[in-house]
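Examination of the molecular architecture
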Amino acid sequence: MSTSTEVRRTWHRPLTACAALMAGLVLLCGVAMAVDGRTLLGESVWAKPMKFGFAFALYGATLARLLTGLHKGRRLAWWAGTVFALATTAEVGAITVQAARGTISHFNADRGDPVTLALVPVLTLGVMVIVIAQLVVGVVVLVQRTGGRDLNRAIRAGIGLATAGMLIPVYWMVTGIHERTVTDANGHGIPMYQGHGIGDPDGHGMPLTNWSVTGGDFRVPHFFALHGIQILLVLTAVLIALSARHAWLRDERVRARLVGIAALGYAGFVAVVTWQAGRGQSLIHPDAATLAALAAVLTACAAAAVRVVAAARRAATTAVGPVGQNKCIAK
C-alpha cells in the first residue's frame, strides 16, 4: 500500500514546484504589504501578485494532483503541465517585477519604459500559452477514468469550468478598448489600452479582491470559474465521508448525480455573473433580472437535488429489512 509520501512523489513535479513558488510569493507579498505603503489604482502594489500567487498556487497544486496516475496521454499531459508551470511562473514573475517597480503590469501601453516594453510580450503571450496548455491538460484529463463516477464527474466538470475561466480574460482583452491615462505609485502618468471593468474601466474596487463596485468586472466570473474544480472536489470528498453514516449516499451513482447537479448549478451561477458583468453591473449591486436568474438556477438545482435524495432514501429503505437488516433472498 502506498504511503502519502509516496503518493506526493508521483505528483507532477514542475506544477508542484510552481505551486510551492506561488505559495511562497503569497507570504512574501503579505510581508511586503505590511512594510510598503505604496498604492496602485487604489490598492497596495503587492495586492495583485499576491492574488495571482494564491490563485495559481491553488490551481497548480490541483493540476499536479490530477496529472497523477494517468493511463492515457501521460507524456502529452506531462509536457502540457510543464509548459503551464513555466508560463505561469513567467506571467506572475512579470506581474511581481512591475509591482516592485510601482507600475502597471497588464494593459500598460507605456512605450517610454524599456522594462515595460520587455515584459508586455510575456504578460500578453503568457496568457495565451497558459490557456492553450490548460486546454491540452483538460482534454487529457477528461478522457481518463481516475476514480468512481462521482470523482470523475467532479474532475470533468471542474476542468470544463476552469477552461471557461481561462478563456474569459481573453474575451475581455480583445472585445473592448478603453484608452486612458492612470497614475502609478511613482506619480507617473501611464497610458493604458484596456481595463478590467465594464462601464467603469478601473472601477472602485471591493476590499481584497478589488472587483469593481461601480460597474461590471470580468474578473468575477474568471475567479469563480477557475476555482470551481476545487469546490466540486471538496463536495465529492464530503459526500464520500457522509456515506459512512448515511446508507443512501453509499451508492456511487447517487453521489455522482448530486455532484452533477452541483456542477450544473455552479456553471449556471458563472453564466449569470458573466452576463451581469457584461451588462456593466457590479457583483454586489445586482438588479432584478440578475436576482431572478440566480433564483431560477438555485430553484432548479434544489428541486433536482431533493428529487435525487428522496429517490435514494426510498431505495435505501427498500433494501433494508424491518429490523434494519439487509434483505436477502434464498436461492
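Residues numbered from 1 in each chain as written. Predicted model: local features only at pLDDT ≥ 70, side-chain atom pairs only at ≥ 80, totals over all residues. Heavy atoms only, no water.

**Considerations on a nonpolar patch on the surface**
Taken together, the side chains of V139, L142 and V143 make up a nonpolar region of the molecular surface, amounting to roughly 230 Å² of accessible area. The topology assignment puts V139 in helix α5 (residues 114–142). You can call V139 exposed: its relative accessible area is 52%. (Patch = residues over 30% accessible without salt bridge, like charges linked within 9 Å, V, L, I, M, F, W, Y side chains within 5 Å. Areas by Shrake-Rupley, 256 points an atom, 1.4 Å probe, with all protein chains shown as cover. Salt bridge = Lys/Arg side-chain N within 4 Å of Asp/Glu carboxyl O. Helix = DSSP H or I, 4+ residues; strand = E, 2+ residues; numbered from the N terminus. Buried < 20%, exposed > 50% of the residue type's maximum accessible area, 1.4 Å probe, protein only.)

**What about the pattern of salt bridges?**
Overall, the coordinates contain seven salt bridges when judged by the stated rule. Notably, a salt bridge pairs D287 with R279, separated by 2.9 Å at the nearest N-O pair. Classification of R279 by relative accessible area gives partly exposed; the value is 34%.

**Looking at helix α9 (residues 252–278)**
Note: α-helices contain 3.6 residues per turn, so residues at a spacing of three or four share the same orientation. Taking 1.5 Å of rise per residue, the 27 residues of α9 would be expected to cover 39 Å, and the 39 Å separating its terminal C-alpha atoms lies within 8% of that figure. Backbone geometry just downstream of α9 places G280 in the positive-phi region, at approximately 75°. (Expected span 1.5 Å × (residues − 1).)

**Thoughts on helix α10 (residues 288–318)**
Helix length check: α10, at 31 residues, gives a terminal C-alpha distance of 45 Å against a target of 45 Å (1.5 Å per residue), a fit within 8%. Capping the start of α10, D287 holds a side-chain oxygen 3.2 Å from the backbone nitrogen of A289, two or three residues further along. (Polar contact = N/O pair within 3.5 Å; in protein donor to acceptor, adjacent residues only side chain to side chain.)

**Considerations on the packing of aromatic side chains**
Inspection of the entire model under this criterion finds nine aromatic pairs. With centroids separated by 5.1 Å and ring planes inclined at 80°, the aromatic side chains of F224 and F269 adopt a geometry described as edge-to-face. Of this pair, F224 sits in helix α7 (residues 219–226) while F269 sits in helix α9, and the two are 45 residues apart along the sequence. Residue classification places F269 among the partly exposed residues on the basis of a relative accessible area of 24%. Taken together, W211, F223, F224, Y266 and F269 form an aromatic cluster joined through their ring pairs. Over the face of the ring belonging to W275 we find R279, whose NZ or CZ atom lies 3.8 Å from the ring centre. (Phe/Tyr/Trp six-rings, centres within 6.5 Å; stacked < 30°, edge-to-face > 60°. Lys NZ or Arg CZ within 6 Å of the ring centre and 35° of its normal.)

**Focus on empty space enclosed by the protein**
All chains considered together, the criterion is met by two cavities of 30 Å³ or more. By volume, the second largest cavity amounts to about 50 Å³. Looking at the second largest cavity, the residues that line it are M206, W211, S212, G216, D217, V220, V273, Q276, A277, Q281, S282 and L283. Looking at the lining of the second largest cavity, the elements with two or more residues in it are β6 (216–217) and α9. Top element by residues in the lining of the second largest cavity is α9. It accounts for three residues. Residue composition of the lining of the second largest cavity, by class: six nonpolar, five polar and one charged. (1 Å grid on protein atoms, 1.4 Å probe; cavity = no way out; pocket = protein on both sides within 12 Å on 5 of 7 lines; lining within 4 Å. Points joined across faces, edges and corners; volume = space filled by probe spheres on them. Nonpolar A, V, L, I, M, F, W, Y, C, P; charged D, E, K, R; others polar.)

**A short note on the pairing of strand β3 (residues 180–183)**
Of the two faces of β3, the one holding R180 and V182 is buried and the one holding T181 and T183 is not buried anywhere. In this sheet, strand β4 (residues 189–192) lies alongside β3 in antiparallel orientation, the contact comprising four bridges. If you follow V182 over to β4, its bridge partner there is I190. In this structure, the hairpin formed by β3 and β4 is closed by a connection of five residues, where G187 is found at a positive phi of approximately 85°. (Pairing = 2+ DSSP bridges.)

**Points about unusual backbone geometry**
Look at L41: it is not a glycine, yet its phi comes out positive at around 55°. Within the secondary structure layout, L41 lies in the loop between β1 (39–40) and β2 (43–44).

**Some words on the side chain of D217**
Structurally, D217 can be placed in strand β6. Accessibility expressed as a relative area gives 2% for D217, which makes it buried. Engagement of the side chain of D217 in a polar contact is seen with the backbone nitrogen of S212, the distance being 3.0 Å. There is a polar contact of 2.7 Å between the side chain of D217 and the side chain of R219. Discounting residues that sit within four places of it in the chain, D217 has contacts with H196, I198, N210, W211, S212 and A277. (Contact = heavy atoms within 4.5 Å.)

**A few points about the nonpolar core**
Core analysis: the biggest nonpolar cluster contains 45 residues, and Y59, F84, I159 and M166 have the highest contact counts within it. Elements represented by at least two residues in this core include exactly α2 (13–35), α3 (47–66), α4 (74–101), α5, α6 (149–175) and β4. When residues no more than four places from it in sequence are discounted, the contact partners of Y59 are F84, Q134, I159, A162, M166, L226, I229 and Q230. Grouped together as the second largest cluster of nonpolar side chains are 23 residues, V220, V259, Y266 and V273 included. (Core = buried A, V, L, I, M, F, W, Y, C linked by side-chain atoms within 4.5 Å.)

**Observations concerning the confidence of the model for the chain**
Of the residues in the chain, 89% have a pLDDT of 70 or more, and the chain-wide mean is 86. By mean pLDDT, the top-scoring element of the chain is α2 (95), and the lowest-scoring one is helix α1 (residues 4–9) (46). Low confidence marks residues 1–8, where pLDDT is under 50. Its contacts with residues over four positions away, or in another chain, come to three contacts. (pLDDT = per-residue confidence, 0-100.)

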